[in-house]
Amino acid sequence: MCLGIPGEIVEIPPDQTDLARVDVSGVRRAVNIGLLDGQPLRPGDWVLIHVGFALSKIDEAEARAALEFLEGIGQAYEDELAALRDSSIER
Amino acid sequence: MRFVDEYRDADKARALSARIASLCEPGRAYKFMEVCGGHTHTIYKHGLEDYLPETITLVHGPGCPVCVIPMGRVDDAIHIAERPDVIMTSFGDMMRVPGGRGSFFDSTAQGADIRMVYSPLDALKIARREPDRQVVFMAIGFETTAPSTAMTVLRAAAEGVRNFSVFCNHVTIIPAIKAILDSPDLRLDGFIGPGHVSTIIGCRPYEFIARGYGKPLVVAGFEPLDILQSVYMLLLQLAEGRSEVENQYARVVPWAGNIRALRAVNEVMELRPYFEWRGLGFISHSALRMREKYAAYDAERLFDIPGNRVADPKACQCGEVLKGVLKPWECKVFGTACTPETPIGTCMVSSEGACAAYYNFGRFSRQRVREATR
Amino acid sequence: MTETTREQQVLERIDRARQRKARVREERITMAHGAGGKATQTLIEAVFLDAFRNPLLEPLEDGAVFGAGGARLAFTTDSYVVSPLFFPGGDIGDLAVNGTVNDLSVCGARPLYLSAGFVLEEGFPVEDLRRISASMARAAAAAEVSIVTGDTKVVQRGKADGCYVTTAGVGLLERDARLGVAHARPGDAVLVSGPVGEHGVTIMLARGELDIEADVTSDTAPLNGLVAALQAAVGEEVRCLRDATRGGVATILNEIARAAGVAVVVEEDAVPVRPPVRGACELLGIDPLYVACEGRMVAVVDGDAAESALAALRGHPLGAGAAIVGRVRDDPPGLVLLKTAFGGTRIIDVLVGDPLPRIC
């Protein structure tokens, strides 16, 4: 439920505090950042966009941690496959 | 695309898939409900079930805002839209949803002025541009979308725009999950929690599911690896005998949610005593209406609406599908009388609806397809 | 009975239901009837084909091919309604010329002569009409066709949206190639001549309602040069050509699968989509495979000729972004399957109407 797309803030116009220009894969749109009141936002930050509003600031450290976990699983899987190959060669 | 492509990696999926298989107890069947229709869409769109062992069934839940709108509310909206002084605005999702007397598209063919918008703010913009018309926004969606509607109303009030109003159909997810947990005909092993709703409400509201009902829940993101990882996390909880709320989608979902957004919703809207959900019937405290203070922006107060209850078509088993009791193809009319061209039920209309997802993306024998794509 | 067999039975029942004769259930025309998807198909089959039925019309190709005075001719017509009339990369004028040139080209014909009919709304600026005509003249010169006859009608203000253009065209078939969607065979390769979805996204954004800015321009272009290059290289091996307009590449692939009774298996990774088109589609929740192109074609060629066909397309400026996107298989007949970039499988169906921007 609810399509949310990550976009990168490219500009926060100084005269309109609740708007930011956001880039999604080369496509730009102004989104309302009023729901992120109080969170410092800068160009280069990523936000989740839903119906023209930024709902949440994307936490890059959390994203990295999740990817590292997935890579860890991938590495373990590769090691197992390699071990399996080695053992079948021995046999 | 960043934060998208990284989570669509086939190599990582294969590795996760192997882990998932190794966590499954031999001979045990697992049923997990993805509450949110967005997850249903992702699962079918990316062919995610190819990575799951056959002993794991993903049951599609009620979290599809379009699917749960009862026919009577669509009729009410059309009734408002047919007034010559009104411009009805709506997300594209609603345009084909059938009410008792047709859809928005049928209504535009009869001359009603119904326009698609991307954001409620776009509806407000139309109101500013056309001060002589009444611009009504057909508000649908769960907690994810309600704050955007609320912020738009607050903006309209601040600017003193008087020709803008909201036909409020926002619903809340927790009562629906509770209704499913209390329904006797479904045995579930755990939940894949709705990621984008949780950006607003946070993870705490699900704790009663883990504690009270003993079912694990993992709040999940919307890319295919997010969902696979969530299945893995659910299986791990089961294997370790835990029943907790976990957050797989921490890059987007803060544990506490978005207080600012909840405040905006609470300022503008209040819980309805009860609301009808299509297929699920009346559920108490499960939807939002505009507060008295914002009566001037409440289309329900501004316009006479018939408010008739329209019974779902007899043949339609959307309720059972929404509760996850029936798989889409098990419905009596699926794919024959009810198709995307001639939808009887809402589940066949919304791109998130389980029936539409299965019909459009998954309508084939997996075995034959495996042969064909080898 | 196992669950799998029960599911299989339901799938077969659905398949039978889909074979049934099309019937228009609506009492009035809706926008979906013009979108190029299932609703359009149904309308054409149930109303027009029913009334006009004849062997030339029946294959429902982009144009009709027939013999006359010893020559083989192709004949086609198309109407153009677009809002806005002027958009990045083109306008209704070059669209109307290129569209008819392309319909003739994908029949395997060399386009020769076009007609142009205009429906104008009272109050429409003459200056705009000049611009449109100049653009038509340029497009015709580029495609080496002449606009040799025409018609003008004016309707009252409010009865039309500025300017509609209808073009018809005749072309000459110079080689004996018989192209048709029904000719696709298992083992064939499926190519697209360039990145998909650019025209449709350009129009959606040019309307301005979505407030989205992107560096996308319409792909409107005449395909006759590209078709000639392809035919010169692998003429005998080409089974069918279609320009992927309304309904996008997905709709064309379904027409091929259905007409030839074959399966088309597409690799998602292989389908060229430029980043801003992808970005706009993600944001709006639509699939670029369903978005219209106006200068791209789908080609089905013998599998052994796939690489030569690709080289021929890429050797032409309009085919620089061409790609082999899939293969034709024998089973399951009538279905288009997608191997997703994620490594899963799903089908690609025909949409009912236009892809709608969605929030969920």
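Residues numbered from 1 in each chain as written. Chains lettered and ligands numbered in written order. Predicted model: local features only at pLDDT ≥ 70, side-chain atom pairs only at ≥ 80, totals over all residues. Heavy atoms only, no water.

Per an unreviewed UniProt entry, chain C carries the name Hydrogenase expression/formation protein HypE and comes from Microbispora catharanthi. Database annotation for chain C, UniProt heading Sequence similarities (unreviewed entry): "Belongs to the HypE family." (UniProt positions renumbered as here; feature names shortened; annotations may be inferred.)

In the annotation of an unreviewed UniProt entry, chain B is listed under the name Hydrogenase formation protein HypD and assigned to Microbispora catharanthi. The record in UniProt for chain B states the following under Sequence similarities (unreviewed entry): "Belongs to the HypD family."

Before going further, it helps to examine the UniProt feature "domain: PurM-like C-terminal" (unreviewed entry) in chain C. When the UniProt feature table is mapped onto this chain numbering, "domain: PurM-like C-terminal" (unreviewed entry) sits at residues 185-332 of chain C. Taken end to end, residues 185-332 of chain C has its terminal C-alpha atoms 13 Å apart, with 35% of it in helix and 20% in strand. (Helix = DSSP H or I, 4+ residues; strand = E, 2+ residues; numbered from the N terminus.)

Right, let's get into the domain arrangement of chain B. All names here are of chain B. Partitioning chain B into domains gives domain 1 (1-313) and domain 2 (318-369). Across the boundary between the two partners, domain 1 contributes 31 residues, which contact 24 residues of domain 2. When the two sides are added together, the surface that domain 1 and domain 2 hide from each other amounts to roughly 2,200 Å², 66% of it contributed by carbon and sulfur. Summed over the shared surface of domain 1 and domain 2, the number is two residue pairs in polar contact (both at pLDDT 80 or more). Listing elements by their share of the side of domain 1 that touches domain 2, those giving two or more residues are helix H2 (37-45) and strand E2 (56-63). Residues that form the side of domain 1 that touches domain 2 fall into these classes: 16 nonpolar, nine polar and six charged. (Domains from an automatic or database assignment. Contact = heavy atoms within 4.5 Å. Buried area = accessible area lost by both parts, 1.4 Å probe. Polar contact = N/O pair within 3.5 Å; in protein donor to acceptor, adjacent residues only side chain to side chain. Nonpolar A, V, L, I, M, F, W, Y, C, P; charged D, E, K, R; others polar.)

Among the nonpolar cores identified, the biggest contains 155 residues, and B:Ile56, B:Phe164, B:Tyr206 and B:Phe334 are the most heavily contacted of them. Of the residues forming this core, the biggest block, eight residues, is contributed by helix H10 (residues 224-239) of chain B. Those residues in contact with B:Tyr206 that sit more than four places away from it in its chain are B:Ile174, B:Ile177, B:Pro194, B:Val197, B:Ser198, B:Ile201, B:Leu217, B:Val219 and B:Val245. Counting residues in each nonpolar core, the second largest holds 30 residues, with A:Ile49, C:Met204, C:Ile212 and C:Val291 among its members. (Core = buried A, V, L, I, M, F, W, Y, C linked by side-chain atoms within 4.5 Å. Buried < 20%, exposed > 50% of the residue type's maximum accessible area, 1.4 Å probe, protein only.)

The next thing to look at is the interface of chain B and chain C. In this complex, chain B contributes 63 residues to the contact, which on the side of chain C involves 49 residues. Of the roughly 5,000 Å² buried at the junction of chain B and chain C (both faces included), carbon and sulfur atoms supply 56%. Area buried by chain B at its contact with chain C is led by B:Tyr118, B:Trp329 and B:Arg363, which between them contribute 15% of it. Connecting chain B to chain C are five salt bridges. Note that C:Asp211 and B:Lys125 form a salt bridge whose closest N and O atoms lie 2.1 Å from each other. For the pair chain B and chain C, the number of links is 17 residue pairs in polar contact (both at pLDDT 80 or more). Elements with a contribution of two residues or more to the side of chain B that touches chain C: helix H1 (10-23), H2, helix H4 (104-109), helix H5 (120-129), H10, helix H14 (354-361) and helix H15 (366-373) of chain B. In terms of residue class, the side of chain B that touches chain C is built from 29 nonpolar, 14 polar and 20 charged. (Salt bridge = Lys/Arg side-chain N within 4 Å of Asp/Glu carboxyl O.)

Turning next to the side chain of B:His41. Within the secondary structure, B:His41 sits in helix H2. We classify B:His41 as buried; its relative accessible area is 11%. Residues within four places of B:His41 in sequence aside, it is in contact with B:Ser351, B:Phe361 and C:Arg358.

According to UniProt, the "domain: PurM-like N-terminal" (unreviewed entry) feature falls on residues 61-172 of chain C. Across residues 61-172 of chain C one finds 29% helix and 46% strand; the C-alpha atoms that close the span lie 16 Å apart.

For the rest of this paragraph, the subject is the pairing of strand E6 (residues 146-155) of chain C. Residues and elements named next belong to chain C. Looking at chain direction, strand E5 (residues 110-121) and E6 are connected through nine bridges and run parallel. Across the sheet, residue Leu120 finds its bridge partner in E6, namely Val154. Note on the crossover from E5 through helix H4 (residues 126-143) to E6: the handedness is right-handed. (Pairing = 2+ DSSP bridges. Right-handed = clockwise from strand over helix to strand, strands pointing away.)

We now examine the sheet that holds strand E4 (residues 114-116) of chain B. All names here are of chain B. Spatially, E4-E3-E5-E6 is the arrangement adopted by the four strands of the open sheet, whose pairing is parallel. Taken across any chain shown, the strands that pair with only one partner, and hence form the sheet edges, are E4 and strand E6 (164-170). Averaged over all neighbouring strand pairs, the angle between strand axes comes to 25 degrees, with direction disregarded. Here seven bridges tie strand E5 (residues 134-141) to E6, and the two strands are oriented parallel to one another. By the bridge assignment, Ile140 is partnered in E6 with Asn169. Across the sheet, helix H3 (residues 71-81) lies against strand E3 (86-90), E4, E5 and E6, angled at about 170 degrees from E6, the strand it touches most. Of the strands in this sheet, E3, E4, E5 and E6 are in contact with H5, which crosses E5 at around 175 degrees. (Axes fitted to C-alpha atoms, helices over the stretch in contact; angles between N-to-C directions.)

Our focus in this paragraph is the environment of B:Ala250. Among the secondary structure elements, B:Ala250 is positioned in the loop between strand E9 (245-247) and helix H11 (259-268). Separated by 55 residues in sequence, B:Ala250 and B:Gly195 place their C-alpha atoms 9.4 Å apart. Residue contacts for B:Ala250: discarding those within four places in its chain leaves A:Asp59 and A:Glu62.

Let us look at the pairing of strand E2 (residues 71-80) of chain C. Residue and element names in this part refer to chain C. Both strand E1 (residues 64-68) and E2 contribute to a ladder of five bridges, which runs antiparallel. Paired with Gly67 across the bridge in E2 is Arg72. Where E1 folds back onto E2 in an antiparallel hairpin, the turn is made up of two residues, including Gly69, whose phi is positive at roughly 55 degrees. Bridging between E2 and strand E7 (residues 163-172) involves eight bridges; their strand directions are antiparallel. Following the sheet pairing, Ser79 is matched in E7 by Thr166.

Turning next to the interface of chain B and chain A. Size of an interface, as often reported, equals the accessible area lost when the parts are brought together. If you look at the interface, chain B gives 49 residues, while chain A gives 39 residues. Carbon and sulfur atoms supply 67% of the area that chain B and chain A bury against each other, a total of about 3,600 Å² over both sides. Where chain B meets chain A, there are six salt bridges. Of the charged contacts in the structure, one is a salt bridge between A:Glu60 and B:Arg2, with a shortest N-O distance of 2.9 Å. Inspection of the region where chain B meets chain A yields 11 residue pairs in polar contact (both at pLDDT 80 or more). Elements with a contribution of two residues or more to the side of chain B that touches chain A: H1, H2, H5, helix H6 (146-159), helix H8 (195-201), H10 and H11 of chain B. Here the residues of the side of chain B that touches chain A are counted per class, giving 27 nonpolar, 12 polar and 10 charged.

What follows covers the sheet that holds strand E10 (residues 238-243) of chain C. Spatial strand order, E10-E12-E8-E13-E11-E14-E15 (chain C): seven strands in an open sheet with mixed pairing. Unpaired on one side and paired on the other, E10 and strand E15 (345-347) of chain C mark the two borders of the sheet. Between one strand axis and the next, the sheet turns through 25 degrees on average, direction left out of account. Across three bridges, the pairing between strand E14 (residues 336-339) of chain C and E15(C) is antiparallel. In the sheet register, C:Lys339 faces E15(C), and the bridge partner there is C:Thr345. Its contacts with the sheet put H15(B) on strand E11 (263-267), strand E13 (323-329), E14 and E15 of chain C, and the angle it makes with E14(C) is roughly 70 degrees.

With that settled, the discussion passes to the pattern of salt bridges. Residues and elements named next belong to chain B. Summed over all chains, the structure comprises 58 salt bridges over all chains. Note that Arg272 and Glu300 form a salt bridge whose closest N and O atoms lie 3.0 Å from each other. Of this pair, Arg272 sits in the loop between strand E10 (269-271) and strand E11 (274-277) while Glu300 sits in helix H12 (residues 299-302), placing them 28 residues apart in sequence. For Arg272, a relative accessible area of 8% translates into the label buried.

All names here are of chain C. Partitioning chain C into structural domains gives domain 1 (1-56), domain 2 (70-172) and domain 3 (181-347). Counting residues at the interface gives 19 residues for domain 2, matched by 21 residues for domain 3. Carbon and sulfur atoms supply 60% of the area buried between domain 2 and domain 3, which totals about 1,500 Å² over both sides. At the boundary of domain 2 with domain 3, the tally comes to zero salt bridges. Our count for the contact surface shared by domain 2 and domain 3 stands at eight residue pairs in polar contact (both at pLDDT 80 or more). Here the residues of the side of domain 2 that touches domain 3 are counted per class, giving nine nonpolar, eight polar and two charged.

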